[in-house]
Amino acid sequence: MKIPENLLYTEDHEWVRLENDAAYIGITDFAQNELGDIVYVEIETLWEVLKQHEVFGAVEAVKTVSDLFLPIAGKVLEINQKLITNPELVNNDPYGDGWMIKIKIDNIFDTESLLRSGAYASLIGL
């Protein structure tokens, strides 16, 4: 189970990679493993300004459909277009090509509620 140390995490199993005033967001290796084979990623929030913890999309796996929650408030600047035709990237490379959205961070202080890698590892029992 991969838990990169350079990322921040939520209790809902999303990750955040900060880059200046922007952030890339996806789901963790643990989440994709629990969901199983992801067959569809639905994100229709491009250009929307969303609050922390609001739903920004959903992933559909063979077993279930799961909402995606925004870890930090911001405006959705980009959706990973590769996921339209290759949703399995979330399973194969959740922290790389399987990223989901890029946002412009609205409030950097939202990151204070996120987990560091060690705390996230404890949360999932590693």
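Residues numbered from 1 in each chain as written. Predicted model: local features only at pLDDT ≥ 70, side-chain atom pairs only at ≥ 80, totals over all residues. Heavy atoms only, no water.

## Considerations on the overall build of the protein
Line of reasoning, step 1. What the protein contains, in helices and strands, is four helices and nine strands.
Line of reasoning, step 2. When the helices and strands of the protein are read in sequence order from the N terminus, they spell out β-β-β-α-β-β-β-β-β-α-α-β-α.
Line of reasoning, step 3. Its C-alpha radius of gyration of 13 Å places the protein within 12% of the 14 Å reference for a compact globule of 126 residues.
Line of reasoning, step 4. Long-range pairs, those at least 24 residues apart, make up 62% of the contacts in the protein between residues at least 6 apart in sequence.
Line of reasoning, step 5. If you sum the accessible surface of the protein, you get close to 6700 Å²; carbon and sulfur atoms cover 47% of it.
Line of reasoning, step 6. When the 9 basic and 22 acidic side-chain charges of the protein are each reduced to a single mean position, those positions are 6 Å apart. (Helix = DSSP H or I, 4+ residues; strand = E, 2+ residues; numbered from the N terminus. Rg over C-alpha atoms; globule rule 2.2 N^0.38 Å. Contact = heavy atoms within 4.5 Å. Areas by Shrake-Rupley, 256 points an atom, 1.4 Å probe, with all protein chains shown as cover. Lys, Arg positive; Asp, Glu negative; His and termini not counted. Charge placed at Lys NZ, Arg CZ, Asp CG, Glu CD.)

## Here's the deal with the UniProt feature "modified residue: N6-lipoyllysine" (unreviewed entry) in the protein
Line of reasoning, step 1. Sites flagged by UniProt as "modified residue: N6-lipoyllysine" (unreviewed entry) map to Lys63.
Line of reasoning, step 2. Among the structural elements, Lys63 can be located in the loop between strand E6 (55-61) and strand E7 (65-69).
Line of reasoning, step 3. Residue contacts for Lys63: discarding those within four places in its chain leaves Glu34, Leu35 and Gly36.
Line of reasoning, step 4. Within the structure, the side chain of Lys63 is placed 3.4 Å from the backbone oxygen of Glu34, a separation counted as a polar contact. (UniProt positions renumbered as here; feature names shortened; annotations may be inferred. Polar contact = N/O pair within 3.5 Å; in protein donor to acceptor, adjacent residues only side chain to side chain.)

## Remarks on the UniProt feature "domain: Lipoyl-binding" (unreviewed entry) in the protein
Line of reasoning, step 1. According to UniProt, the positions carrying the feature "domain: Lipoyl-binding" (unreviewed entry) are residues 22-104.
Line of reasoning, step 2. The distance from the first to the last C-alpha atom of residues 22-104 is 4 Å, and the span holds 18% helix and 42% strand.

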